[in-house]
Every structure is written in structure tokens, then in C-alpha cells.
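Structural overview for review
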Amino acid sequence: MNVFVFDIETIPDIDGARRLYNLHGLSEEDVAKAVFHKRRQQANTEFLAHHLHKIIAISAVLVTADRFTVWSLGDEQSSEQDLLERFFGGLQRYTPKMVSWNGNGFDLPVIHYRSLLYPINAAQYWERGNRQSEFQDNNYLSRFHERHTDLKDVLSGYNSEAAVSLNDISALCGFPGKMGQHGNQVWDTWLKGDIKSVRNYCETDVLNTYLVYLNWERNRGVIDQQQYQHQCDRVRAELIKSEQPHLIEFEKHWIDL
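First things first, this report covers the structure right here in the doc. Keep in mind that what you see is a predicted model, and the values were worked out from it rather than measured.

Our focus in this paragraph is helix H10 (residues 225–241). The end-to-end C-alpha distance of H10, which contains 17 residues, comes to 24 Å, matching closely the 24 Å that a straight helix rising 1.5 Å per residue would cover. Turning to H10, its buried residues are Tyr-228, Gln-231, Cys-232, Arg-234, Val-235, Arg-236 and Leu-239. Structurally, H10 contributes buried residues whose contacts are with strand E2 (53–64), strand E3 (67–72), helix H9 (195–219) and helix H11 (245–252). Residue Glu-243 follows H10 closely and has a positive phi angle near 65 degrees.

The next subject is the pairing of E3. Here E3 shows a buried face lined by Phe-68, Val-70 and Ser-72 and an unburied face lined by Arg-67, Thr-69 and Trp-71. Strand direction decides the pairing type here: E2 and E3, joined by 6 bridges, are antiparallel. Looking at E3, one finds that Val-63 is bridged to Phe-68. The antiparallel pairing of E2 with E3 creates a hairpin that spans 2 residues between the two strands.

In this section: the packing of helix H1 (residues 14–21) against helix H2 (residues 28–43). For the pair H1 and H2, interaxial distance at closest approach is 10 Å and the crossing angle is 65 degrees. With respect to the hand of their crossing, H1 and H2 are arranged in left-handed fashion. Facing Ile-14, Ala-17, Arg-18 and Tyr-21 of H1, the residues of H2 in contact are Glu-28, Val-31, Ala-32, Val-35 and Lys-38. The class makeup of the residues in the contact of H1 with H2 is 6 nonpolar, no polar and 3 charged.

Okay, a negative patch on the surface next. Judged by side-chain charge, Glu-28, Glu-29, Asp-30 and Asp-188 come together as a negatively charged surface patch. Tallying contributions element by element places H2 first for the negative patch, with 3 residues. Topologically, Glu-28 is positioned in helix H2. The exposure class assigned to Glu-28 is partly exposed, which follows from its relative accessible area of 41%.

For Arg-234, the location among the structural elements is in helix H10. Summary of buried charges: Arg-234 has no salt-bridge partner, and the nearest side chain of opposite charge, Asp-66, is 5.8 Å away. Residue contacts for Arg-234: discarding those within four places in its chain leaves Val-63, Thr-64, Ala-65, Asp-66, Arg-67 and Phe-68.

Moving on: the sheet that holds E2. An order of E3-E2-E1-E4-E5 is seen for the 5 strands of this open sheet, with the pairing classed as mixed. Looking along the sheet, the strands with just one partner apiece sit at the ends: E3 and strand E5 (148–150). Between one strand axis and the next, the sheet turns by 20 degrees as a mean value, whatever way the strands run. The pairing of strand E4 (residues 97–100) with E5 spans 3 bridges and is parallel.

Grouped together as the largest cluster of nonpolar side chains are 27 residues, with contacts concentrated most on Val-61, Phe-68, Val-70, Leu-207 and Tyr-210. Looking at this core, the elements with two or more residues in it are strand E1 (3–12), E2, E3, H9, H10 and H11. Among the elements that take part in this core, H9 stands out by supplying 8 residues, more than any other. Once residues within four sequence positions are removed from consideration, Tyr-210 is found in contact with Val-5, Val-61, Val-63, Phe-68, Gln-231 and Val-235. Grouped together as the second largest cluster of nonpolar side chains are 24 residues, Phe-88, Ile-120, Tyr-140 and Leu-141 included.

Keep in mind that most residues, glycine aside, have a negative phi and that most peptide bonds are trans. Phi at Asn-22 is positive, roughly 55 degrees, even though this residue is not glycine. Examined against the element boundaries, Asn-22 turns out to sit in the loop between H1 and H2. Even without being a glycine, Thr-95 presents a positive backbone phi close to 40 degrees. If you trace the backbone, Thr-95 turns up in the loop between helix H3 (80–94) and E4. The partly exposed category is assigned to Thr-95, whose relative accessible area is 24%.

Moving on, we come to the pattern of salt bridges. Counted under the stated rule, the structure contains 14 salt bridges. Between Glu-146 and Lys-97 there is a salt bridge, and its shortest N-O distance comes to 3.6 Å. On the criterion of sequence distance, the pair formed by Glu-146 in the loop between helix H5 (123–126) and E5 and Lys-97 in strand E4 is long-range, its members being 49 residues apart. Residue Glu-146 is classed as partly exposed on the basis of its relative accessible area of 37%. Judged by relative accessible area, which is 9%, Lys-97 ranks as buried. Close ionic contact of Glu-217 with Arg-220 constitutes a salt bridge, the shortest N to O distance being 2.8 Å. Judged by relative accessible area, which is 8%, Glu-217 ranks as buried. One continuous salt-bridge network, built from bridges that share partners, spans Lys-97, Glu-146, Glu-217 and Arg-220.

Cut-off values and rules
Residues numbered from 1 in each chain as written. Predicted model: local features only at pLDDT ≥ 70, side-chain atom pairs only at ≥ 80, totals over all residues. Heavy atoms only, no water. Helix = DSSP H or I, 4+ residues; strand = E, 2+ residues; numbered from the N terminus. Expected span 1.5 Å × (residues − 1). Buried < 20%, exposed > 50% of the residue type's maximum accessible area, 1.4 Å probe, protein only. Contact = heavy atoms within 4.5 Å. Pairing = 2+ DSSP bridges. Axes fitted to C-alpha atoms, helices over the stretch in contact; angles between N-to-C directions. Left-handed = near helix turned anticlockwise from the far one by under 90°. Nonpolar A, V, L, I, M, F, W, Y, C, P; charged D, E, K, R; others polar. Patch = residues over 30% accessible without salt bridge, like charges linked within 9 Å, V, L, I, M, F, W, Y side chains within 5 Å. Areas by Shrake-Rupley, 256 points an atom, 1.4 Å probe, with all protein chains shown as cover. Salt bridge = Lys/Arg side-chain N within 4 Å of Asp/Glu carboxyl O. Lys, Arg positive; Asp, Glu negative; His and termini not counted. Charge placed at Lys NZ, Arg CZ, Asp CG, Glu CD. Core = buried A, V, L, I, M, F, W, Y, C linked by side-chain atoms within 4.5 Å.

Such coordinate-based values are descriptive only and should not be taken to indicate function.
Structure representation (C-alpha cells):
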């Protein structure tokens, strides 16, 4: 089965916050400050509720029998609707096995809410067996099915107290991890107009996730050490020949343990 590793990056939904909290007339920065303050009062954190995140980047690793690709959907000018249409269109085309880190906890709920704002066809994603019988016992939605694997969920034994960050587990495995940028810097980076850096950061996240996934596949006996090494060599070769500085830097920071 094709493997599709995905990750999203988001900013506050400024237009939505203006409507919900009557913040018309304020600048984007002031609206964000207001919703961060409101959230901090409500939940003692500035991390916004899922429905107030606007998607600005979706990055992916796609692995098929003869192909390994890491990229960000659309381009730097793509709208949220365009990114979501491309995401669901890929699921329709490839019907891949999806892999994420905290996809059940964050990425997919955000995608669910944001998709309601546009005329998007996500039928393949929501399929539970009504049209395709094989989805009844293995679909994208059920937590314990493998058509979508949330590695954070699985590796923690579905125990939130045992959950760790992607950065930590990647570093322990010898992979580069965050390489100097973190998710809480995305909003500031966006305000500077540097969407390219956000997309590059998101791509390194899906690379870390895919490599952890390979470790897990080896650990549970789906692949052996030789197959694991072959896949790692394949990734390294693609990163080196990509001629993209952030991908080449990722390969240089990858340690063989």
C-alpha cells in the first residue's frame, strides 16, 4: 500500500475570530493578541481551539513501490481551500495508508472543521464501508485501524501521560528533529511574509515522522533490518539530489546510530 505522511501548519483564523468575537476594525496582529489573551484566560494556554486554526501549509511524504517524494502541497500563494482540495484529492487518487504525528489530536480535527467552510469533496476520507466494503474494517476514521496511523497515539499506548514530542523521539533515534524552528514560531514567521520557511519547516516534520514510522515498521516486524536500511538509503539519496538547502541540511544532521 502507498504510504502518505502528512503534517499541517496553521495560523490564527483572523477573519473567523473577527466574526466570532466582534473584533472588526482591528489589525491582524491585534486580533491575534485578543484571541490569544482570551484563550489564556479560558485554558491557561495560548494554543487556540482547533476551529480557530487556519491552515497555511500541508506537507507530505509519499512513498510508492518506485517513488519517494517529500513536498508541500500547492505553492506559496495557495489558499486554504486549494490546500485542502489537494489533500483530499490525493487520498482519492492513491487511497494511501496515512501516517501522522498527533494527527488524531490536532491535524485531522483542524482539517475537519476547516473543510466545512468550502465546497470540498472528501468522500474517500469519510468512507466507512457504505460504498467500498473494504473500508468497513479498515478506514481513516477509526482510531485503532491502520489506514491512518497516528504514531504519537500508537507509541504512547494511547496514554496521554506517556506521549512525547516528535522532536524528542526523532533526536533519540538519530534523526534531525526540529533543526532550530518550532511550531510556536509559525505565526511570527507568517507575519514577516516568510511562508517559504514555514513550508520548509513542515517538510522536515514529515521527514522525521516518516523515519520514525520506518523504525516502528522494523520494530513490529513488517520490514527487516536490510529493508529498513534500503529505505533509509533511498531517502538520503533523494534528499541529497533534491538541491533544496533545507533537505540537504536535514540529511547532514541525520546520525547513523
